[in-house]
Amino acid sequence: MEVKVALVTGGSSGIGAATARLLAAHGIKVYAASRRGTFQTPTPDVIPISMDVNDAEATRLAVAQILQAEGRLDAVVVNAGSGIYGPIEGTLEEEARQQFETNYFGALKTIQACLPAFRSQGHGRIIIICSVMSILQLPFQGFYSSVKAALLSLSESLSMELKGSGIQCSAILPGDVATGFTGARKFTVASQDPASPYKEWMEKNLKKIEHDELGGMRPEVIAKQVFRQLRKKNMSVRVIPRADYKLVGFLVRMVPARVKLSIIRILY
Ligand SMILES: NC(=O)c1ccc[n+]([C@@H]2O[C@H](COP(=O)([O-])OP(=O)(O)OC[C@H]3O[C@@H](n4cnc5c(N)ncnc54)[C@H](OP(=O)(O)O)[C@@H]3O)[C@@H](O)[C@H]2O)c1
């Protein structure tokens, strides 16, 4: 079934905005959802909508609005999210919960809002933007790594549950991408403690991760992968864009956990 109408969450910036632009350039009508409800460059086939994925009712209403206007919804790109930085020691439970609220439960609310329409149509495509950190944990990003690992598990369970329904699910695991993600990252209270035993290490670590992100892939690279999946008859269950990150994914599976953590500890 050809994709004619798509919802992209987190469509106001970065990967979501690049995806919305690319899909629209290929004739797909895109609803780009975000809290801001804006789109960088006005494009006729991209309709910005205001939707906070933390709000179940707003999410349900946004999907209803698309169905009313278009009579169909063929695909959803579950992309809205942000990062959090800080040591696990001293992180407030509320800070950890907030990370799960948007990145995990927001994704779940989006998927659950789309599934009834996909079911009644007998087709639908779900693409979940995870991260290489779904399979590779980094120090001081323990909650972001955890939430992206949980999202990958959700995606793969969902993929099995939907088999034979006409609805498909695919997870994309990007490495570093230069977007608004770096600037939007939240910092835990513990990460700001001048007496933190991790202070010096965090300063070095943060410099490296910000440098890597800002020098990372263009978001269009990920948008291309999304588009490629939407055009495939059978979507891939798990996609790691770019050969170097694919290699990292392979090595992570091959080396013992202790060796993996020692290497990461040296690099980060
Ligand atoms: N950049 C990277 O290196 C990287 C790597 C791997 C995976 N990712 C993942 O890629 C996805 C997109 O991130 P990005 O890199 O494109 O960052 P970005 O430029 O900061 O974009 C994040 C998008 O999410 C939206 N958003 C955040 N909270 C939201 C909420 N509660 N409800 C609705 N929309 C919300 C933001 O819009 P508003 O602020 O207007 O709501 C924005 O459009 C995220 O899931 C991120 O974890 C990023």
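Residues numbered from 1 in each chain as written. Predicted model: local features only at pLDDT ≥ 70, side-chain atom pairs only at ≥ 80, totals over all residues. Heavy atoms only, no water.

Some details on the state of the cysteines
Thought 1: Within the structure shown, the criterion is met by zero disulfides.
Thought 2: Cys 114 carries a free sulfur, and the closest cysteine sulfur to it, the one in Cys 169, is 12 Å from it.
Thought 3: Just so you know, Cys 169 is unpaired, no disulfide at all, and the nearest cysteine sulfur is the one on Cys 130, 8.4 Å from it.
Thought 4: Given a relative accessible area of 3%, Cys 169 falls into the buried group. (Disulfide = S-S within 2.5 Å. Buried < 20%, exposed > 50% of the residue type's maximum accessible area, 1.4 Å probe, protein only.)

A look at the pairing of strand β1 (residues 5-9)
Thought 1: The element β1 is extensively covered by neighbouring structure, given that five of its five residues are classed as buried.
Thought 2: Side chains of β1 alternate between two faces, with Val 5, Leu 7 and Thr 9 and Ala 6 and Val 8 buried alike.
Thought 3: Note: β1 against strand β2 (residues 29-34), five bridges, orientation parallel. Each residue of the ladder has a partner; that of Val 8, found in β2, is Ala 32.
Thought 4: Once you follow β1 into helix α1 (residues 14-25) and on to β2, the crossover reads as right-handed. (Helix = DSSP H or I, 4+ residues; strand = E, 2+ residues; numbered from the N terminus. Pairing = 2+ DSSP bridges. Right-handed = clockwise from strand over helix to strand, strands pointing away.)

Some remarks on the sheet that holds strand β6 (residues 124-129)
To summarise the sheet geometry, strands pair through backbone hydrogen bonds and adopt either a parallel or an antiparallel arrangement.
Thought 1: Spatially, β3-β2-β1-β4-β6-β7-β9 is the arrangement adopted by the seven strands of the open sheet, whose pairing is parallel. Two strands close off the open sheet at either side, each with one partner strand: β3 (46-50) and β9 (238-239).
Thought 2: When strand β7 (residues 167-172) meets β9, the two strands line up parallel, connected through two bridges. The partner of Ile 172 across the bridge, within β9, is Val 239.
Thought 3: Running at roughly 155° to β7, helix α4 (residues 142-161) makes contact with β6, β7 and β9 of the sheet. (Contact = heavy atoms within 4.5 Å. Axes fitted to C-alpha atoms, helices over the stretch in contact; angles between N-to-C directions.)

Concerning the site of the ligand
Thought 1: In the region of the ligand, 29 residues are neighbours, and Ser 12, Ser 13, Arg 36, Tyr 144 and Thr 179 sit closest.
Thought 2: Arg 36 has a polar side-chain atom sitting 2.6 Å from an oxygen atom of the ligand.
Thought 3: Within the side chain of Asp 52, an N or O atom sits 2.9 Å from a nitrogen atom of the ligand.
Thought 4: Within the complex, 95% of the 890 Å² of free accessible area of the ligand lies under protein.
Thought 5: The residue makeup of the shell around the ligand, split by class, is 10 nonpolar, 14 polar and five charged. (Near = heavy atom within 4 Å. Polar contact = N/O pair within 3.5 Å; in protein donor to acceptor, adjacent residues only side chain to side chain. Areas by Shrake-Rupley, 256 points an atom, 1.4 Å probe, with all protein chains shown as cover. Nonpolar A, V, L, I, M, F, W, Y, C, P; charged D, E, K, R; others polar.)

Remarks on helix α8 (residues 243-254)
A turn of α-helix holds 3.6 residues, and therefore any two residues three or four places apart point the same way.
Thought 1: Between the first and last C-alpha of α8 there are 17 Å, a value that for 12 residues agrees with the 16 Å anticipated at 1.5 Å per step.
Thought 2: Residues Tyr 245, Gly 249 and Val 252 constitute the buried set of α8. Viewed end-on, α8 has its buried residues packed into an arc of 65°, placing them on one side of the element. Looking at α8, the residues exposed on the side facing more than 90 degrees away from the buried face are Ala 243 and Met 254. (Expected span 1.5 Å × (residues − 1). Arc of directions from axis to C-beta.)

Some points on the side chain of Ser 134
Thought 1: One can find Ser 134 in the loop between β6 and α4.
Thought 2: Every residue in contact with Ser 134, bar those within four places of it in the chain, is listed here: Lys 148, Ala 149, Leu 152 and Leu 173.

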